[in-house]
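# Residue-level structure breakdown
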Amino acid sequence: MRLSPQLRTGTTRTKRVLTALLGATAVTTATLVPLVTATTATAATGDRTSASAFTTNDVLPFDMPSASAAAAHGKLVFAHYMPSLPLSLDNADPANDYYARNYLTPTGESGKHAAYGGFLRDRPLPVAKQSGSDWKLKNFELEVRQAKSAGIDGFSVDLLSINKTSPLYANQQLLLQAAANVGGFTILLMPDMTAGGSSATPDTLAAAMADLAGSPAAHRLADGRLVVAPFHADSRNAAWWSDFMSTMKTKYQKPVAFFPLSLDERTSLSSFKSIAYGVSNWGSRNPAWNSTDAAAAPTTRAKAVENLGLKWMQPVSVQDERPNQGIYDEAANTQNLRNTWAIARNTGADWVQIPTWNDYTEGSQIAPSVDQGWSFLDMNSYYVSWFKTGSAPAVKRDTVYVTHRTQSVSAKQTTAQSKTMRLRGGTAAQDTVEATTFLTAPGTVTVTVGGTKHSCQVDAGVDTCVVPLATGAVSAVVTRGSSTVAAVTSPKVVTSSPSVQDLHYVAASSRREGSTVAVSDPAPSTTPTVPASPRPTTPAPTVPAPTTPAPVTTAPVTPVSKPTTTILAPIADTYANEGAPGTEYGSDPLLVSRPGARAYLRFDLPAAPAGKKLTGATLRVHTASDPLSASANAHQVRLASNSWKEQSMNWNNKVPASGALLGQVAAGAKVNSAYDVALDVTPLTPVLGKTQSLAVDALGGDSLWLWSSENKDANLRPQLVLTWS
């Protein structure tokens, strides 16, 4: 079975269902936060404004388009909603509610989340306790208003339950009611086929969808068809879905426009194309897998759907970190967000889905939150407007946003945490602060991180300045001439001793948080300056160097000897294949990396020449000529165990590949092409003078076929190139 790296496991779904049930059992009374006026933040929100605020022109760098302008091209934007994580789970005081007591602490829920430092790292901006039994409905209405004010047309609701007696189902019904009450906002029904829909029959699913479709807020097409967009739709075949659609039409008189969302739509496109109205996928969460290149997979896959005459719903995302699953993606500050919106525009997507509005378990939320404030929602509102109108909005108010982590990727947590997150692949991990500027005219942005200042010249419109992360406070000031036109200090401070591992990006906005730091003078001339453009749209697959030049030293320069290279051929290579677990491939002219297959290469590494050290290492590989040899996804290279023999290893006796990560074959490898994979020399240095194995593993659903050392053409065989200086 081919699974994308974005597969969300049934275990995770089960946890969400259980936690939602817990939260739904407690109902208390209190007072309702005003629905329009921003209020003073509570202790739980830090310096953030309350959840009751909304997106208005004065807090944005641009003016939101009129309703008619936004609707002119028929483009729609949905935000993926998790009904198990609403604004409040128990209507308690935010300082001691269910989020605070049980989700944000390692000891919560009797310590069952202690292994990974707590269930969540962020939470919704809290709302005050409310009076009245309709507190849940009022909270759902508040979230609908928040999303609507940012230009979002509806929530694509992850229907975690189709059991009409469950609290989760009640939440789903309330959300539909809230959308109907607010008006001008719809709910895209998205039955989750890994959760509530996992055991459904066409009849039982139809009964639930027909019931929910009784709400006028359920999203329909102009011709009256109900849109049903199942998550992981490819877990059922086309015949199953045809039965579901037939039942909806004949038994409930509700014709369906089928809009399947798959982990990899290519696996089911041929069978679904005749019954589907549109197609979508869950998408990736890092720039390397979201290249804006017209020849890259995100664009070609969207075009393949559109060429069939089907609608395409492009996934747009900020980031992804999952402590409970032990994985995260490198979003490169706002780069992934900007890339995915560019793909939506470039492909002519009809709809966009933003995964997610509020999935705090995956750190992918754009909803106003304690750690992110309104920044990601505000930035999305700019790109929503651009997508809908077809033109980049004019910047009318100078604004700067800062995004950063509160700890470095390598920081060690002080709380006992047996499960930590590993990079899922794609873009390499990086420790950076980004100032994203929306300016009416060019200016200078000075980013201060831990007391060190860095400056960039930035253009009018949208621009970025990326500088190294360091411990301490983070702020950004934009100057034009002798005037300060925008300034913000992040409420979050970077620490070298975090209590738990937390790799999601926090954010702050000059028009929301403002700044208490008085910086009115231009940066001193000694501050290093980074050119404003051009900038790469996709970070390199190796750890990027800081964009700010290092300070010039006055120490004497020691002459360096001329580098030398050593080129090594594998002394053995093979692969293990789960599809034929007892078969050996030591004599095969090909190596393969894919889900269920791993390639191995062994090299006899020399010791470092006298007076030199290893300063570079490159794995040189060549893809095969078969059309299936290309891969849209990246493939990682790791150190592996040496206890295998070329002619006898198979899937049943394969050795571990759990050593240090050395590098990656970048996403987008093409057929019959050579690739040089830069490897990290730090893990290789201790094994010099020894025999060492490398393993190549898939990070996505695609296969990568490489020529092995058995190929008759020596130019196509793998090589390891070592550089000594």
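Heads up: the structure comes first, above all this text.
These remarks concern the structure in this document. Source: prediction; values computed, not measured. The written sequence of each chain sets the order in which its residues are numbered from 1. Residues qualify for local features only when their pLDDT is at least 70, as the model is predicted, and side-chain atom pairs are given and counted only at 80 or more; totals for whole chains, interfaces and linings, by contrast, use all residues. The side-chain numbers reported here are obtained from all heavy atoms of the structure, hydrogens and water having been left aside.

### Some remarks on the overall build of the protein
Of regular secondary structure, the protein possesses 13 helices and 32 strands. In the protein, buried positions account for 58% of the 725 residues. Pairs at least 24 residues apart make up 80% of the contacts formed inside the protein by residues separated by at least 6 positions. Under the scheme used here, helices are H or I runs from DSSP no shorter than 4 residues and strands are E runs no shorter than 2 residues, and both carry numbers assigned from the N terminus. In this scheme, a residue with accessible area under 20% of its type's maximum is buried, one over 50% is exposed, and one in between is partly exposed, where area comes from a 1.4 Å probe on protein chains only. Here a residue-residue contact requires only that any non-hydrogen atoms of the pair lie within 4.5 Å.

### Considering the pairing of strand β15 (residues 443–449)
Burial of β15 is extensive: seven of the seven residues sit out of reach of the surface. Taking every second residue as pointing to the same face, both faces of β15 are buried, with Gly443, Val445, Val447 and Val449 on one and Thr444, Thr446 and Thr448 on the other. Of the pairings in the sheet, the one linking β15 to strand β16 (residues 452–458) comprises seven bridges and is antiparallel in character. Across the sheet, Thr444 pairs through a bridge with Gln457, a residue of β16. Paired strands are those between which DSSP finds at least two bridges. Adjacent in sequence and paired antiparallel, β15 and β16 are bridged by two residues, among which Gly450 carries a positive phi angle near 60 degrees. Note that β15 and strand β18 (residues 474–480) share six bridges and pair antiparallel. Considered in β18, the bridge of Val449 is made with Val474.

### Points about the state of the cysteines
What counts as a disulfide here is a pair of cysteine sulfur atoms lying within 2.5 Å. Overall, the coordinates contain one disulfide when judged by the stated rule. Put simply, Cys456 and Cys465 are joined by a disulfide, and their sulfur atoms are 2.0 Å apart. In this structure the cystine formed by Cys456 and Cys465 twists about its S-S bond by roughly 60 degrees; its chirality is therefore right-handed. What makes Cys465 buried here is its relative accessible area of 0%.

### Thoughts on the sheet that holds strand β9 (residues 321–322)
Taken in spatial order, the three strands line up as β9-β10-β13 in an open sheet, and their pairing is mixed. Bordering the open sheet on either side are β9 and β13 (422–423), each of which pairs with just one other strand. Pairing analysis gives two bridges linking strand β10 (residues 327–328) to β13, with the strands arranged parallel. Bridged to Ile327 within β13 is Arg422.

### Digging into the environment of Gln253
Relative to the elements of secondary structure, Gln253 occurs in the loop between α8 (238–250) and β5 (256–258). Take Gln253: its relative accessible area is 57%, and that puts it in the exposed class. C-alpha of Gln253 to C-alpha of Ala210: the two residues are 43 residues apart in sequence and 8.9 Å apart in space. Two N or O atoms count as a polar contact when they lie within 3.5 Å, although within protein this holds only if one can serve as hydrogen donor and the other as acceptor, and sequence-adjacent residues are included solely when both atoms are side-chain atoms. Of note is the side chain of Gln253, whose polar atom sits 2.8 Å from the backbone oxygen of Thr250.

### Considering helix α11 (residues 335–346)
An α-helix turns once per 3.6 residues; consequently, residues spaced three or four apart project the same way. Multiplying 1.5 Å by the residue count of a helix minus one yields the expected span of that helix. In this model, α11 (twelve residues) spans 16 Å end to end at C-alpha, consistent with the 16 Å of a helix rising 1.5 Å per residue. Counted residue by residue, α11 has ten buried out of twelve residues, so it is predominantly covered.

### Things to note about helix α5 (residues 135–149)
Taking 1.5 Å as the rise per residue, α5 with 15 residues should run 21 Å; its terminal C-alpha atoms sit 21 Å apart, in good agreement. Of all 15 residues that make up α5, eleven are buried, and the element is covered over most of its length. Considered for burial, the residues of α5 that qualify are Trp135, Leu137, Asn139, Phe140, Glu141, Leu142, Glu143, Val144, Gln146, Ala147 and Ser149. Taken together, the buried residues of α5 touch β1 (76–81), β2 (154–159), α6 (167–182) and α12 (375–389). Looking one or two residues past α5, Gly151 carries a phi angle of roughly 90 degrees, positive in sign.

### Quick notes on the sheet that holds strand β32 (residues 719–724)
Strand order across the open sheet formed by four strands is β22-β32-β26-β29, with antiparallel pairing between neighbours. Strands at the two margins of the open sheet, each flanked by one partner only, are β22 (564–568) and β29 (674–678). Going from strand to strand, the sheet's axes swing by 20 degrees on average, the running direction of each strand aside. As defined by bridge partners, strand β26 (residues 614–622) adjoins β29 across five bridges and the pair is classed as antiparallel. Looking across to β29, one finds that Arg620 is bridged to Asp676. Where helices are involved, their axes are fitted lines through C-alpha atoms of the stretch in contact, as for all axes, and angles between N-to-C directions lie from 0 to 180°.

### Details of the pattern of salt bridges
The term salt bridge refers to a side-chain nitrogen of Lys or Arg lying within 4 Å of a carboxyl oxygen of Asp or Glu. Counted by the stated rule, this structure contains 25 salt bridges. A salt bridge links Arg101 to Asp90; the shortest N-O distance between them is 3.5 Å. Of the two residues, Arg101 sits in helix α3 (residues 98–103) while Asp90 sits in the loop between β1 and α3, which places them eleven residues apart along the sequence. Given the relative accessible area of 35%, Arg101 is considered partly exposed. The class of Asp90 is buried, set by a relative accessible area of 5%. The salt bridge involving Asp702 is made with Arg266; its shortest N-O contact spans 3.3 Å. Placement of Asp702 in the loop between β30 (691–698) and β31 (704–707) and of Arg266 in the loop between β6 (261–262) and α9 (269–272) is noted, with a sequence separation of 436 residues between them.

### Notes on the packing of aromatic side chains
Only Phe, Tyr and Trp rings take part, Trp by its six-membered ring, and two of them pair if their centres are within 6.5 Å. Stacked means planes under 30 degrees apart, edge-to-face means over 60, and tilted covers everything else. Applying the stated criterion across every chain yields a total of 27 aromatic pairs. Taking the centre distance of 4.9 Å and the plane angle of 40 degrees together, the rings of Tyr81 and Phe155 count as tilted. Pair noted here: Tyr81 is in strand β1 and Phe155 is in strand β2, with a separation of 74 residues, a long-range link. Relative to Phe185, the ring of Phe155 lies with its centre 5.0 Å away and its plane at 80 degrees, an arrangement referred to as edge-to-face. With a gap of 30 residues between them, Phe155 in strand β2 and Phe185 in the loop between α6 and β3 (186–191) connect regions that are remote in the sequence. Residue classification places Phe185 among the buried residues on the basis of a relative accessible area of 3%. In textbook terms, an aromatic cluster arises when at least three aromatic residues are bridged by ring pairs, as seen for Phe62, Trp341, Tyr382, Tyr383, Trp386, Phe387, Tyr401 and Phe438. Here, a charge over a ring means that NZ of Lys or CZ of Arg falls within 6 Å of the ring centre while also lying within 35 degrees of the ring normal. A cation over an aromatic ring shows up here: Arg236 above the ring of Trp240, its NZ or CZ 5.1 Å from the ring centre.

### Comments concerning unusual backbone geometry
A cis amide bond links Pro355 with the next residue in sequence, Thr356, at an omega value of 20 degrees. If you trace the backbone, Thr356 turns up in the loop between β11 (351–354) and α12. Positive phi, normally seen in glycine, also occurs at Ala332, with a value near 55 degrees.

### Notes on the environment of Asp676
If you trace the backbone, Asp676 turns up in strand β29. Separated by 54 residues in sequence, Asp676 and His622 have C-alpha atoms that sit 8.8 Å apart. Not counting chain neighbours up to four residues away, the residues in contact with Asp676 comprise Thr618, Leu619 and Arg620.

### Looking at the nonpolar core
Put simply, a nonpolar core is a bunch of buried Ala, Val, Leu, Ile, Met, Phe, Trp, Tyr and Cys residues held in one set by side-chain atoms that sit within 4.5 Å of each other. Residues Phe155, Met209, Trp241, Phe244, Trp341 and Trp357 are the most contacted members of the largest nonpolar core, which totals 97 residues. Among the elements that make up this core, the one with the highest residue count is α12 (seven residues). In terms of nonpolar packing, the next biggest core, distinct from the first, is built from 37 residues, Leu662, Val665, Val681 and Trp707 among them.

### Observations concerning the environment of Ala411
Along the polypeptide, Ala411 turns up in the loop between β12 (399–404) and β13. Exposure remark for Ala411: the relative accessible area of 12% places this residue in the buried category. Note: C-alpha distance between Ala411 and Val500 (89 residues apart in sequence) is 9.5 Å. Not counting residues within four places of it along the chain, the set of residues in contact with Ala411 comprises Ser496 and Pro498.

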